[in-house]
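Remarks on the overall topology
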Amino acid sequence: MGRTIVITSGKGGVGKTTASANIGVALAKLGRSVVLIDADFGLRNLDLLLGLENRIVYTAIDVLTGQCRLDQALVRDKRLNKLVLLPAAQSRNKDAITPEQMRQLASALSKHYDYVLIDCPAGIEAGFRNAIAPAQEALVVTTPEIAAVRDADRVIGLLEAYRIRNSHLILNRLRPAMVAANDMMSVEDVQEILSIPLIGIVPEDEKVIVSTNKGEPLVLAESPSLAGQAFMNIARRLEGEKVEFLDLEAASGGLFSRIRRLFGAKG
(Lines give C-alpha, C1' and ligand atoms only; values in the text may rest on other atoms or scores of the structure.)
Protein backbone atom coordinates (compact mmCIF):
# COMPACT_ATOMS: atom_id res chain seq x y z
CA MET A 1 0.00 0.00 0.00
CA GLY A 2 1.27 3.46 -0.89
CA ARG A 3 1.54 6.46 1.40
CA THR A 4 -1.40 8.85 1.33
CA ILE A 5 -0.32 12.42 2.11
CA VAL A 6 -2.47 15.55 2.16
CA ILE A 7 -0.81 18.88 1.33
CA THR A 8 -2.67 21.62 3.15
CA SER A 9 -2.34 25.15 4.50
CA GLY A 10 -5.51 26.74 5.80
CA LYS A 11 -4.79 30.10 4.16
CA GLY A 12 -5.00 30.39 0.40
CA GLY A 13 -2.21 31.78 -1.74
CA VAL A 14 0.73 30.33 0.20
CA GLY A 15 1.92 28.06 -2.63
CA LYS A 16 0.27 24.80 -1.63
CA THR A 17 -0.61 23.72 -5.18
CA THR A 18 2.87 24.69 -6.40
CA ALA A 19 4.29 22.49 -3.63
CA SER A 20 1.97 19.62 -4.57
CA ALA A 21 2.99 19.73 -8.23
CA ASN A 22 6.72 20.01 -7.58
CA ILE A 23 6.87 17.36 -4.85
CA GLY A 24 4.86 14.96 -7.00
CA VAL A 25 7.15 15.49 -9.98
CA ALA A 26 10.25 15.23 -7.77
CA LEU A 27 9.13 11.88 -6.34
CA ALA A 28 8.46 10.58 -9.86
CA LYS A 29 11.96 11.71 -10.89
CA LEU A 30 13.28 9.66 -7.98
CA GLY A 31 11.61 6.59 -9.49
CA ARG A 32 8.48 6.44 -7.34
CA SER A 33 5.00 5.99 -8.80
CA VAL A 34 2.87 8.99 -7.87
CA VAL A 35 -0.78 9.97 -8.26
CA LEU A 36 -1.74 13.56 -7.55
CA ILE A 37 -5.38 14.13 -6.57
CA ASP A 38 -6.78 17.62 -7.08
CA ALA A 39 -9.31 17.91 -4.23
CA ASP A 40 -10.23 21.51 -5.00
CA PHE A 41 -13.59 20.84 -6.63
CA GLY A 42 -14.90 23.92 -8.42
CA LEU A 43 -11.50 25.66 -8.59
CA ARG A 44 -9.26 23.22 -10.44
CA ASN A 45 -5.66 24.44 -10.79
CA LEU A 46 -3.27 21.51 -10.34
CA ASP A 47 -3.66 20.49 -14.00
CA LEU A 48 -2.47 23.94 -15.09
CA LEU A 49 0.69 23.80 -12.99
CA LEU A 50 1.48 20.38 -14.45
CA GLY A 51 0.70 21.43 -18.02
CA LEU A 52 -1.99 18.74 -18.36
CA GLU A 53 -5.11 20.89 -18.75
CA ASN A 54 -5.67 19.98 -22.41
CA ARG A 55 -5.56 16.25 -21.77
CA ILE A 56 -8.41 15.97 -19.25
CA VAL A 57 -11.39 13.91 -20.43
CA TYR A 58 -12.89 12.61 -17.18
CA THR A 59 -12.71 13.76 -13.56
CA ALA A 60 -13.04 12.22 -10.11
CA ILE A 61 -16.77 12.98 -10.16
CA ASP A 62 -17.17 10.97 -13.37
CA VAL A 63 -15.56 8.01 -11.61
CA LEU A 64 -17.86 8.30 -8.60
CA THR A 65 -21.00 8.62 -10.75
CA GLY A 66 -20.05 5.57 -12.82
CA GLN A 67 -19.47 7.43 -16.08
CA CYS A 68 -15.94 6.04 -16.38
CA ARG A 69 -13.47 3.72 -14.70
CA LEU A 70 -10.86 5.11 -12.33
CA ASP A 71 -8.01 4.34 -14.73
CA GLN A 72 -9.80 6.24 -17.52
CA ALA A 73 -9.87 9.43 -15.43
CA LEU A 74 -6.14 9.34 -14.68
CA VAL A 75 -4.14 11.76 -16.82
CA ARG A 76 -0.62 10.52 -17.50
CA ASP A 77 2.30 12.91 -17.73
CA LYS A 78 4.22 12.21 -20.94
CA ARG A 79 7.42 13.61 -19.41
CA LEU A 80 7.35 11.18 -16.47
CA ASN A 81 5.69 7.82 -16.91
CA LYS A 82 5.40 7.31 -13.16
CA LEU A 83 3.25 10.43 -12.60
CA VAL A 84 -0.52 10.66 -13.05
CA LEU A 85 -3.19 13.21 -12.11
CA LEU A 86 -6.76 12.62 -10.96
CA PRO A 87 -8.39 15.96 -11.78
CA ALA A 88 -11.20 17.68 -9.92
CA ALA A 89 -14.43 18.70 -11.59
CA GLN A 90 -14.47 22.40 -12.36
CA SER A 91 -18.23 22.55 -12.83
CA ARG A 92 -19.12 21.05 -9.45
CA ASN A 93 -18.79 22.41 -5.93
CA LYS A 94 -17.09 20.92 -2.89
CA ASP A 95 -20.33 19.27 -1.72
CA ALA A 96 -20.29 17.02 -4.79
CA ILE A 97 -18.05 14.52 -2.97
CA THR A 98 -18.05 13.10 0.54
CA PRO A 99 -15.19 12.13 2.86
CA GLU A 100 -16.13 8.46 2.43
CA GLN A 101 -15.92 8.75 -1.36
CA MET A 102 -12.50 10.38 -1.06
CA ARG A 103 -11.40 7.47 1.12
CA GLN A 104 -12.62 5.02 -1.52
CA LEU A 105 -10.70 6.79 -4.31
CA ALA A 106 -7.48 7.09 -2.30
CA SER A 107 -7.69 3.50 -1.10
CA ALA A 108 -8.07 2.19 -4.64
CA LEU A 109 -5.14 4.29 -5.86
CA SER A 110 -2.84 3.44 -2.95
CA LYS A 111 -2.88 -0.20 -4.07
CA HIS A 112 -1.11 0.74 -7.30
CA TYR A 113 1.01 3.81 -6.47
CA ASP A 114 3.83 4.48 -4.02
CA TYR A 115 2.45 7.93 -3.19
CA VAL A 116 -1.05 9.37 -3.24
CA LEU A 117 -0.67 13.14 -2.84
CA ILE A 118 -3.85 15.14 -2.19
CA ASP A 119 -3.84 18.86 -3.01
CA CYS A 120 -6.20 20.29 -0.40
CA PRO A 121 -8.34 23.39 -1.05
CA ALA A 122 -7.89 26.48 1.10
CA GLY A 123 -10.02 26.93 4.20
CA ILE A 124 -11.26 24.46 6.79
CA GLU A 125 -14.74 23.69 5.51
CA ALA A 126 -16.14 20.75 3.52
CA GLY A 127 -13.31 20.70 0.97
CA PHE A 128 -10.74 20.44 3.75
CA ARG A 129 -12.59 17.60 5.48
CA ASN A 130 -12.87 15.70 2.19
CA ALA A 131 -9.17 16.10 1.39
CA ILE A 132 -7.87 14.98 4.78
CA ALA A 133 -10.29 12.05 5.16
CA PRO A 134 -8.03 9.40 3.54
CA ALA A 135 -4.70 10.87 4.66
CA GLN A 136 -2.20 9.14 6.93
CA GLU A 137 0.28 12.03 6.80
CA ALA A 138 0.20 15.77 6.15
CA LEU A 139 2.50 18.43 4.75
CA VAL A 140 1.49 21.84 6.08
CA VAL A 141 2.55 24.73 3.84
CA THR A 142 2.88 28.26 5.18
CA THR A 143 4.64 31.48 4.35
CA PRO A 144 6.48 33.46 7.09
CA GLU A 145 3.56 35.86 7.58
CA ILE A 146 1.57 36.01 10.79
CA ALA A 147 -1.83 35.44 9.13
CA ALA A 148 -0.58 32.39 7.24
CA VAL A 149 1.16 30.97 10.32
CA ARG A 150 -1.94 31.46 12.46
CA ASP A 151 -4.08 29.62 9.88
CA ALA A 152 -1.48 26.84 9.68
CA ASP A 153 -1.61 26.50 13.47
CA ARG A 154 -5.39 26.08 13.28
CA VAL A 155 -5.02 23.43 10.56
CA ILE A 156 -2.45 21.49 12.59
CA GLY A 157 -4.92 21.38 15.47
CA LEU A 158 -7.65 20.07 13.17
CA LEU A 159 -5.33 17.44 11.70
CA GLU A 160 -4.59 16.18 15.21
CA ALA A 161 -8.32 16.15 15.99
CA TYR A 162 -8.82 13.94 12.93
CA ARG A 163 -5.97 11.70 14.18
CA ILE A 164 -3.44 12.73 11.55
CA ARG A 165 -0.43 13.18 13.79
CA ASN A 166 2.38 12.65 11.29
CA SER A 167 2.60 16.24 10.03
CA HIS A 168 5.58 18.13 8.66
CA LEU A 169 6.10 21.80 7.89
CA ILE A 170 7.06 23.40 4.57
CA LEU A 171 8.05 27.05 4.94
CA ASN A 172 7.55 28.69 1.57
CA ARG A 173 8.67 32.00 0.04
CA LEU A 174 11.32 32.79 2.60
CA ARG A 175 13.40 35.94 1.93
CA PRO A 176 16.67 35.74 3.88
CA ALA A 177 17.42 39.46 3.44
CA MET A 178 14.07 40.40 4.99
CA VAL A 179 14.64 37.96 7.86
CA ALA A 180 18.10 39.50 8.47
CA ALA A 181 16.52 42.97 8.53
CA ASN A 182 13.92 41.72 11.02
CA ASP A 183 11.14 42.44 8.50
CA MET A 184 10.06 38.80 8.13
CA MET A 185 9.54 35.93 10.55
CA SER A 186 12.51 33.57 10.71
CA VAL A 187 12.41 29.80 10.37
CA GLU A 188 12.89 29.55 14.14
CA ASP A 189 10.00 31.96 14.77
CA VAL A 190 7.61 29.85 12.69
CA GLN A 191 8.82 26.56 14.17
CA GLU A 192 8.35 27.86 17.69
CA ILE A 193 4.71 28.69 16.97
CA LEU A 194 3.76 25.58 15.00
CA SER A 195 5.84 22.94 16.81
CA ILE A 196 5.90 20.33 14.05
CA PRO A 197 9.03 18.96 12.33
CA LEU A 198 10.41 21.01 9.44
CA ILE A 199 10.76 19.13 6.15
CA GLY A 200 11.53 21.98 3.76
CA ILE A 201 12.42 25.65 3.38
CA VAL A 202 11.63 27.09 -0.05
CA PRO A 203 12.97 30.57 -0.92
CA GLU A 204 11.04 33.23 -2.79
CA ASP A 205 11.68 32.62 -6.48
CA GLU A 206 10.42 34.61 -9.50
CA LYS A 207 10.80 31.47 -11.62
CA VAL A 208 7.74 30.03 -9.87
CA ILE A 209 5.54 32.41 -11.89
CA VAL A 210 7.24 31.42 -15.14
CA SER A 211 6.97 27.70 -14.39
CA THR A 212 3.30 28.05 -13.45
CA ASN A 213 2.44 29.89 -16.66
CA LYS A 214 4.30 27.31 -18.75
CA GLY A 215 2.96 24.28 -16.90
CA GLU A 216 6.51 23.12 -16.18
CA PRO A 217 7.26 22.48 -12.49
CA LEU A 218 10.58 23.87 -11.27
CA VAL A 219 12.05 20.44 -10.54
CA LEU A 220 11.86 19.49 -14.23
CA ALA A 221 14.56 22.00 -15.17
CA GLU A 222 17.99 20.56 -16.00
CA SER A 223 19.52 23.06 -13.59
CA PRO A 224 16.78 23.74 -11.04
CA SER A 225 16.66 27.09 -9.27
CA LEU A 226 17.06 27.23 -5.48
CA ALA A 227 13.31 26.73 -5.07
CA GLY A 228 13.44 23.74 -7.41
CA GLN A 229 16.32 22.25 -5.40
CA ALA A 230 14.36 22.82 -2.20
CA PHE A 231 11.34 20.91 -3.53
CA MET A 232 13.58 18.07 -4.72
CA ASN A 233 15.15 17.92 -1.26
CA ILE A 234 11.68 17.68 0.33
CA ALA A 235 10.97 14.64 -1.87
CA ARG A 236 14.26 13.06 -0.85
CA ARG A 237 13.45 13.64 2.83
CA LEU A 238 10.06 11.97 2.31
CA GLU A 239 12.02 9.02 0.99
CA GLY A 240 13.95 8.88 4.24
CA GLU A 241 17.19 10.51 3.09
CA LYS A 242 19.05 12.81 5.42
CA VAL A 243 19.47 15.96 3.37
CA GLU A 244 20.97 19.20 4.69
CA PHE A 245 18.84 22.31 4.35
CA LEU A 246 20.04 24.78 1.72
CA ASP A 247 22.11 27.72 2.94
CA LEU A 248 19.72 30.30 1.54
CA GLU A 249 21.49 33.28 3.08
CA ALA A 250 24.80 32.38 1.45
CA ALA A 251 23.08 31.60 -1.85
CA SER A 252 21.34 34.97 -1.84
CA GLY A 253 24.68 36.75 -1.45
CA GLY A 254 23.45 38.72 1.53
CA LEU A 255 25.61 41.18 3.45
CA PHE A 256 25.93 38.94 6.50
CA SER A 257 27.01 35.96 4.43
CA ARG A 258 29.63 38.08 2.62
CA ILE A 259 31.00 39.32 5.97
CA ARG A 260 31.22 35.74 7.25
CA ARG A 261 33.03 34.61 4.11
CA LEU A 262 35.46 37.57 4.41
CA PHE A 263 36.37 36.82 8.04
CA GLY A 264 36.43 33.10 7.30
CA ALA A 265 38.94 33.64 4.51
CA LYS A 266 41.15 35.78 6.79
CA GLY A 267 41.04 33.14 9.48
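Bear in mind the structure is a predicted one, so any value in this text is a computation, not a measurement. (Residues numbered from 1 in each chain as written. Predicted model: local features only at pLDDT ≥ 70, side-chain atom pairs only at ≥ 80, totals over all residues. Heavy atoms only, no water.)

In terms of helices and strands, the protein chain carries 13 helices and eight strands. Compactness check: the protein chain gives a C-alpha radius of gyration of 19 Å against a globular reference of 18 Å for 267 residues, within 12% of the reference. Its C-alpha atoms give the protein chain principal-axis dimensions of about 70 × 40 × 30 Å. In the protein chain, which comprises 267 residues, the share counted as buried stands at 52%. Sequence separation of 24 or more characterises 75% of the internal contacts of the protein chain that already satisfy a separation of 6 or more. (Helix = DSSP H or I, 4+ residues; strand = E, 2+ residues; numbered from the N terminus. Rg over C-alpha atoms; globule rule 2.2 N^0.38 Å. Buried < 20%, exposed > 50% of the residue type's maximum accessible area, 1.4 Å probe, protein only. Contact = heavy atoms within 4.5 Å.)

Moving on, we get to the side chain of Asn-22. With respect to the helices, strands and loops of the structure, Asn-22 is situated in helix 1 (residues 16-29). Here the side chain of Asn-22 touches Leu-218 through a polar contact of 2.8 Å, landing on its backbone nitrogen. The residues contacting Asn-22, other than those within four sequence positions of it, are Pro-217, Leu-218, Val-219 and Phe-231. (Polar contact = N/O pair within 3.5 Å; in protein donor to acceptor, adjacent residues only side chain to side chain.)

In the contact formed by helix 1 and helix 11 (residues 226-238), the axes pass within 8 Å of each other and the chain directions differ by 60°. The angle between helix 1 and helix 11 falls in the class oblique. Here the hand of the crossing between helix 1 and helix 11 comes out right-handed. For the pair formed by helix 1 and helix 11, the contact residues are Thr-18, Ala-19, Asn-22, Ile-23, Ala-26, Leu-27 and Lys-29 on the first element and Phe-231, Met-232, Ile-234, Ala-235 and Leu-238 on the second. Classifying every residue of the contact of helix 1 with helix 11 gives nine nonpolar, two polar and one charged. (Axes fitted to C-alpha atoms, helices over the stretch in contact; angles between N-to-C directions. Parallel < 35°, antiparallel > 145°, perpendicular 65-115°, else oblique. Left-handed = near helix turned anticlockwise from the far one by under 90°. Nonpolar A, V, L, I, M, F, W, Y, C, P; charged D, E, K, R; others polar.)

The next thing to look at is the confidence of the model for the protein chain. Averaged over all residues, the pLDDT of the protein chain equals 91, while 93% of them reach at least 70. This model gives residues 254-267 a pLDDT under 50, and the stretch forms eight contacts once residues within four places in sequence are excluded. (pLDDT = per-residue confidence, 0-100.)

This part is about the UniProt feature "binding site: ATP" (unreviewed entry) in the protein chain. Per the UniProt entry, the sites bearing "binding site: ATP" (unreviewed entry) are Lys-11, Gly-12, Gly-13, Val-14, Gly-15, Lys-16, Thr-17 and Thr-18 in this numbering. Those annotated residues that line the largest cavity are Thr-18. Mapped onto the elements, Val-14 comes out in the loop between strand 1 (3-8) and helix 1. Owing to a relative accessible area of 2%, Val-14 belongs among the buried residues under this scheme. In this structure, Val-14 is in contact with Ser-9, Val-141, Thr-142, Thr-143, Ala-148, Asn-172 and Arg-173, ignoring residues within four places of it in sequence. Note that Lys-16 resides in helix 1. (UniProt positions renumbered as here; feature names shortened; annotations may be inferred. 1 Å grid on protein atoms, 1.4 Å probe; cavity = no way out; pocket = protein on both sides within 12 Å on 5 of 7 lines; lining within 4 Å.)

Here we take up the pairing of strand 6 (residues 137-142). Within a regular strand, side chains alternate between the sheet's two faces. Of all six residues that make up strand 6, six are buried, and the element is covered over most of its length. Residue alternation in strand 6 divides its side chains into two sets, Glu-137, Leu-139 and Val-141 and Ala-138, Val-140 and Thr-142, and both sets are buried. Following the backbone out of strand 6, through helix 7 (residues 146-161) and into the adjacent parallel strand 7 (residues 166-174), one traces a crossover that is right-handed. (Right-handed = clockwise from strand over helix to strand, strands pointing away.)

As a further point, take the pairing of strand 2 (residues 34-38). Summarising burial for strand 2: five of the five residues are buried, a large majority. Every second residue of strand 2 is oriented toward a common face, with Val-34, Leu-36 and Asp-38 on one face and Val-35 and Ile-37 on the other, all of them buried. Inspection of the sheet shows strand 2 paired to strand 4 (residues 83-86) by four bridges, in the parallel sense. Within strand 4, the residue paired with Val-35 across the bridge is Val-84. Here strand 2 runs beside strand 5 (residues 115-119); their pairing, made up of five bridges, is parallel. By the bridge assignment, Leu-36 is partnered in strand 5 with Leu-117. (Pairing = 2+ DSSP bridges.)

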